[in-house]
Amino acid sequence: MDYSAVRIGEENILALRAFLLEGPEAWVALEEKIQADDETAAGYMSLLYGAFCVAVRRRFSPRYTVGEVVRLVADVRIRAEEDAGLVNALVAEDMIRRVVGAPPLEDGGPDDVRAVLYAEVFVLLYLVGEADFDGAGLEQFIDEATAYTRQWLAARRNEPAEQR
């Protein structure tokens, strides 16, 4: 992916806010826009990933145990009830471990975009629910996620192509 054209704008921020308040149904209306072009999709997905990273770091920083990560993923799957099968435990655990700087799992599960997206969405929504933000807290979280994502994208733009 060429990150040089990816920008996080107000439309992306509004979509993230709606998603965090209303859940995945809020993104159904965005599907047409997301499928419009790669840069648009990358903007939405980058901000979603940024929010995931911020939520994970808030939950597990400065210290954590592997057992806490495993327990969180189990709790996410329990809360998902009939959708628990959508959350691949190995993928979710591996994603969390990478965000907090732990060694990745030797087998992070299937290398499947859909499995990664489901793990990201379910874990993010769980952590936001657990944080029980008030209005100001949610706005602070969104601001932090937006700033993190912009920094992450800037780093990708400056990264030599062979390191991507």
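All values derive from a computational prediction rather than experimental measurement.

A. The arrangement of the pattern of salt bridges in detail. Under the criterion given, the structure shown has five salt bridges. A salt bridge links Glu-144 to Arg-58, with the shortest nitrogen-to-oxygen separation between them at 2.7 Å. Pair noted here: Glu-144 is in helix H8 (residues 135–158) and Arg-58 is in helix H4 (residues 38–60), with a separation of 86 residues, a long-range link. The exposure class of Glu-144 is partly exposed, given its relative accessible area of 34%. You can call Arg-58 partly exposed: its relative accessible area is 33%. For Arg-71, the salt bridge is made with Asp-75, and the minimal N-O distance between the two is 2.7 Å. Of this pair, Arg-71 and Asp-75 both sit in helix H5 (residues 66–80), four residues apart, which is roughly one turn of the helix.

B. Molecular detail of the packing of helix H1 (residues 10–22) against H4. Where H1 meets H4, the axes come as close as 10 Å, and the angle between the chain directions of the two elements is 50°. Our classification of the angle between H1 and H4 gives oblique. Judged by the sense of rotation from one axis to the other, the crossing of H1 with H4 is right-handed. Contacts between H1 and H4 pair Glu-11, Asn-12, Ile-13, Ala-15, Leu-16 and Phe-19 from the former with Gly-43, Tyr-44, Leu-47, Leu-48 and Ala-51 from the latter. By residue class, the composition of the contact of H1 with H4 is eight nonpolar, two polar and one charged.

C. A look at the nonpolar core. Ranked by size, the top nonpolar core spans 46 residues in total, and within it Leu-20, Val-56, Ile-96, Val-123, Leu-124 and Phe-141 carry the most contacts. Of all the elements in the fold, those that place two or more residues in this core are H1, H4, H5, helix H6 (89–99), helix H7 (113–131) and H8. Per element, the largest residue contribution to this core is 10 residues, and it comes from H4. Setting aside chain neighbours within four positions, we find Leu-20 in contact with Leu-124, Leu-125, Val-128, Leu-138, Phe-141 and Ile-142.

D. The side chain of Asp-94, seen in detail. When you line up the elements, Asp-94 lands in helix H6. Here the side chain of Asp-94 touches Arg-98 through a polar contact of 2.7 Å, side chain to side chain.

The rules behind these values
- Residues numbered from 1 in each chain as written.
- Predicted model: local features only at pLDDT ≥ 70, side-chain atom pairs only at ≥ 80, totals over all residues.
- Heavy atoms only, no water.
- Salt bridge = Lys/Arg side-chain N within 4 Å of Asp/Glu carboxyl O.
- Helix = DSSP H or I, 4+ residues; strand = E, 2+ residues; numbered from the N terminus.
- Buried < 20%, exposed > 50% of the residue type's maximum accessible area, 1.4 Å probe, protein only.
- Axes fitted to C-alpha atoms, helices over the stretch in contact; angles between N-to-C directions.
- Parallel < 35°, antiparallel > 145°, perpendicular 65-115°, else oblique.
- Left-handed = near helix turned anticlockwise from the far one by under 90°.
- Contact = heavy atoms within 4.5 Å.
- Nonpolar A, V, L, I, M, F, W, Y, C, P; charged D, E, K, R; others polar.
- Core = buried A, V, L, I, M, F, W, Y, C linked by side-chain atoms within 4.5 Å.
- Polar contact = N/O pair within 3.5 Å; in protein donor to acceptor, adjacent residues only side chain to side chain.

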